[in-house]
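Overview (structure and organization)
Listed below, chain by chain, are the residues.
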Amino acid sequence: MKRENQIKVAVKCAFCGKLDLKDISLFDFSGTRKLYKRCSCGNLLFIIRTWNHKRYDIKINCLACGNSHYYTRNYKDFWTVPANIIKCPNKDIEIAFIGAKDSIYKCIDYYEERLSRISDESFGEYFSNSYVMYETFNRIQDIADKNRLYCHCGCSDFNINLLKDKIRLLCRRCGSIGIINAGNNQDLNLLKTKDYIIIGEENVEIIK
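The rules behind each value
- Residues numbered from 1 in each chain as written.
- Predicted model: local features only at pLDDT ≥ 70, side-chain atom pairs only at ≥ 80, totals over all residues.
- Heavy atoms only, no water.
- 1 Å grid on protein atoms, 1.4 Å probe; cavity = no way out; pocket = protein on both sides within 12 Å on 5 of 7 lines; lining within 4 Å.
- Points joined across faces, edges and corners; volume = space filled by probe spheres on them.
- Helix = DSSP H or I, 4+ residues; strand = E, 2+ residues; numbered from the N terminus.
- Nonpolar A, V, L, I, M, F, W, Y, C, P; charged D, E, K, R; others polar.
- Buried < 20%, exposed > 50% of the residue type's maximum accessible area, 1.4 Å probe, protein only.
- Contact = heavy atoms within 4.5 Å.
- Pairing = 2+ DSSP bridges.
- Salt bridge = Lys/Arg side-chain N within 4 Å of Asp/Glu carboxyl O.
- Axes fitted to C-alpha atoms, helices over the stretch in contact; angles between N-to-C directions.
- Polar contact = N/O pair within 3.5 Å; in protein donor to acceptor, adjacent residues only side chain to side chain.

1. Section: the layout of surface pockets
Where empty space is left can be seen by rolling a probe of water-molecule size over the atoms. What the second largest pocket holds in volume is close to 240 Å³. Lining the second largest pocket are 13 residues, with Cys 41, Gly 42, Asn 43, Ala 144 and Ser 156 positioned closest to its centre. Looking at the lining of the second largest pocket element by element, the count peaks at three residues for helix 3 (residues 130–145). Split by residue class, the lining of the second largest pocket holds five nonpolar, five polar and three charged.

2. Considering the environment of Ile 140
Within the element layout of this structure, Ile 140 appears in helix 3. Since its relative accessible area comes to 0%, Ile 140 is described here as buried. For the pair Ile 140 and Ile 167, spaced 27 residues apart in sequence, the C-alpha separation works out to 9.5 Å. Discounting chain neighbours no more than four positions away, the residues touching Ile 140 are Phe 15, Leu 149, Ile 167, Ile 180, Leu 191 and Ile 197.

3. Section: the pairing of strand 12 (residues 177–181)
Along strand 12, the buried face is formed by Gly 178 and Ile 180; none of Ile 177, Ile 179 and Asn 181, which line the opposite face, is buried. In this structure, the hairpin formed by strand 11 (residues 166–171) and strand 12 is closed by a connection of five residues, where Gly 175 is found at a positive phi of approximately 85 degrees.

4. Considering the pattern of salt bridges
Enumeration according to the criterion identifies seven salt bridges in this entry. Salt-bridge contacts for Arg 172 lead to Asp 157; the nearest nitrogen and oxygen are separated by 3.2 Å. Of the two residues, Arg 172 is situated in the loop between strand 11 and strand 12 and Asp 157 in the loop between strand 9 (149–151) and strand 10 (158–162); the sequence distance between them amounts to 15 residues. On the accessibility criterion, Asp 157 (15% relative accessible area) is buried.

5. A short note on the sheet that holds strand 2 (residues 19–25)
Pairing in this open sheet of four strands is antiparallel, and the strands run 2-1-8-7 from one edge to the other. Where the open sheet ends on each side, the last strands, each with one partner, are strand 2 and strand 7 (83–87). Between one strand axis and the next, the sheet turns by 20 degrees as a mean value, whatever way the strands run. Where strand 7 meets strand 8 (residues 94–99), five bridges bridge the pair, whose relative direction is antiparallel. Considered in strand 8, the bridge of Ile 85 is made with Phe 97.

6. Points about the environment of Thr 72
Residue position: Thr 72 is located in strand 6 (residues 68–74). We classify Thr 72 as partly exposed; its relative accessible area is 45%. For the pair Thr 72 and Tyr 56, spaced 16 residues apart in sequence, the C-alpha to C-alpha distance is 5.6 Å. Once residues lying within four places of it in the same chain are set aside, the contact partners of Thr 72 are Arg 55, Tyr 56 and Asp 57. At 3.0 Å, the side chain of Thr 72 forms a polar contact with the side chain of Asp 57.

The structure is reproduced here in structure tokens:
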């Protein structure tokens with residue numbers, strides 16, 4: 001298959017943080033105008049919509065800021081540019097790469113090293129307690145992997161935002177918000193005793 005008919009899309013999952021690579025080909029759009037791709041954790045990574053292959057609208061759920069962003073590429077840019085580097089417009093951080101396999105792997109190697117360095121230098125100063133924040137995030141992921149993180153409306157698809165001393169969960173269906181405190185060891189120890197996270201109707205979390 002020609003390179004311009006098959007590309008790779010690399011996106012960092014907005015929920016679990018994993019870098020996920022997906023193969024995309026022209027055949028994927030046979031009989032449909034929309035293509036949905038999910039992370040191995042189940043979270044929606046991106047949606048691509050084509051308009052008679054003249055234009056491609058890309059919706060990406062952003063790890064950097066927790067929002068969804070929209071990007072547009074024409075046929076030539078989408079299929080033949082070696083590497084499309086897509087940034088979060090709010091944080092100016094690379095969140096996705098689209099293009100040829102070899103070029104995408106080179107981008108990943110370069111930007112992963114740079115982002116790791118930025119994380120070590122900046123995120124440690126940003127969070128009240130970096131260790132508590134990372135462990136809290138991991139605990140939330142563990143609960144989600146067991147299908148025990150969901151909203152009162154039944155949805156289990158969330159935007160996640162890491163703030164200075166808390167984690168904000170936003171239901172993608174109804175907009176309810178849950179706040180998980182992550183500022184100190186007491187917050188972390190409390191979360192470790194809980195097996196479920198349920199976002200309630202009044203924009204508060206119910207943990208049990």
